Amino acid sequence: MTTGDSKEMKNHSAILFPHSYLPSAVRERIFSSFAALTICQPWYMGGGEDTETRDGRIHIVHPSEDLRPPKNFMKLLAEYRLWMSQNRGYTPLPLGTGEGATWEIRHALRHTGKDVREPVEEQPLKWHLILHLERELEENRASADEMLLRVKTERSPLAEALGETPPSHGLLDDLPVSDSYPSMEERHLKQVLSAWFGLFGASVAADGILVTMAPEVLGYAEELFETGSLELSMEGSASSFRRILLPASSIDSRMEKDPVRAGLSGRTLILMD
């Protein structure tokens, strides 16, 4: 990226993709590169009410009202979270939105082996479930790394009380701590991207720059459009970035047929790692 490109980028806002919150660890990198950031959050998801929101640096966008899930959504989410803990993962499900939805989700979860397509009017509920659960997974992975790092750097309280000299090599020193954004599970990456575009594809500017923290997202886009990315650096920054200019799709990529291809078509995607 040229100096002119980097200066131009600093005058633009970006859209966080497909993450629904901005961890404190990456705020500085974002705001040293962009003037403002749009964060797309599903309904019933907290967060984002901070200084940057009040002074206009962060803009929170929710799905349109017609995509709002039922009032018992948090109960359904709890049911699904329990199932995840027992079955190690999540899959697309046919979900009801009216009375009896809790029973329906239990029934569907017991029969996930069946190839059942959910009605179009029930898709927003599935999209909300996926994005809520993905945020929880990302936060849990980040919290685990932060906790491990803290434990590895702090002196043992017992050793300090006994006046012992801490060993040069601790028991946890060999455990890896990621210095990048928590990775997204490949097996459900397409589900997350489809859910994001399903809820927010019509709410964000078509020419908005998409910024991701997950290398898997950039890799998926490269493979989907059969194109490569360019490494770049921002003026006055030691950080490295990768940018991909996605071509406008020449094949039928209507949103209802292929939401990910349609949503990414013609966009700029930047990986900030």
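Note that this is a predicted model, so its numbers are computed, not measured. (Residues numbered from 1 in each chain as written. Predicted model: local features only at pLDDT ≥ 70, side-chain atom pairs only at ≥ 80, totals over all residues. Heavy atoms only, no water.)

Help me out: how do you make sense of helix H9 (residues 215-225) in this one?
An α-helix turns once every 3.6 residues. As a result, residues three or four positions apart point the same way. Buried residues of H9: Glu 216, Val 217, Leu 218, Ala 221, Leu 224 and Phe 225, and no others. Contact partners of the buried residues in H9: helix H8 (189-200), strand S4 (209-212), strand S6 (240-245), helix H10 (259-264) and strand S7 (268-272). (Buried < 20%, exposed > 50% of the residue type's maximum accessible area, 1.4 Å probe, protein only. Helix = DSSP H or I, 4+ residues; strand = E, 2+ residues; numbered from the N terminus. Contact = heavy atoms within 4.5 Å.)

What is the right way to read the packing of aromatic side chains from this model?
Between two aromatic rings, the relevant description is the distance of the centres plus the angle of the planes. By the definition in use, this model includes five aromatic pairs. Where Trp 196 meets Phe 200, the ring centres are 5.7 Å apart and the plane angle is 55°; that geometry is what we call tilted. Taken as a pair, Trp 196 and Phe 200 lie in helix H8 at a separation of four residues, close to a single helical turn. Neither residue differs from the other here; Trp 196 and Phe 200 are each classed as buried. Three or more aromatic residues joined by ring pairs form one cluster here, namely Phe 17, Trp 196, Phe 197 and Phe 200. Over the ring of Trp 43 we find Arg 68, and its NZ or CZ is 3.7 Å from the ring centre. Stacked on the ring of Phe 225, the Lys or Arg Arg 261 has its end atom at 5.1 Å from the ring centre. (Phe/Tyr/Trp six-rings, centres within 6.5 Å; stacked < 30°, edge-to-face > 60°. Lys NZ or Arg CZ within 6 Å of the ring centre and 35° of its normal.)

Looking at this model, I keep getting lost on the environment of Ile 15. Mind explaining?
The topology assignment puts Ile 15 in strand S1 (residues 13-16). Look at Ile 15 and you get buried, because its relative accessible area is 6%. In this structure, the C-alpha to C-alpha distance between Ile 15 and Gly 208, residues 193 residues apart in sequence, is 6.6 Å. Residues contacting Ile 15, with those up to four places away along its chain left out, are Leu 37, Thr 38, Cys 40, Trp 196, Val 204, Ala 205, Gly 208, Ile 209, Leu 210, Val 211 and Arg 267.

Got a minute to help me understand empty space enclosed by the protein in this structure?
Any empty space left between atoms is shown by rolling a water-sized probe over those atoms. One pass over the structure, following the stated rule, counts one cavity of 30 Å³ or more. The calculated volume of the largest cavity comes to roughly 40 Å³. Forming the boundary of the largest cavity are Pro 18, His 19, Ser 20, Leu 131, Glu 134, Arg 135 and Glu 138. Looking at side-chain class alone, the lining of the largest cavity contains two nonpolar, two polar and three charged residues. (1 Å grid on protein atoms, 1.4 Å probe; cavity = no way out; pocket = protein on both sides within 12 Å on 5 of 7 lines; lining within 4 Å. Points joined across faces, edges and corners; volume = space filled by probe spheres on them. Nonpolar A, V, L, I, M, F, W, Y, C, P; charged D, E, K, R; others polar.)

Looking at this structure, I do not really get helix H2 (residues 24-31). What am I missing?
Three or more residues of H2 are buried, namely Val 26, Ile 30 and Phe 31. Taken around the axis of H2, the buried residues stretch over an arc of 130°, which confines them to a single face. Residues of H2 that are exposed and angled more than 90 degrees away from the buried face: Ala 25 and Glu 28. (Arc of directions from axis to C-beta.)

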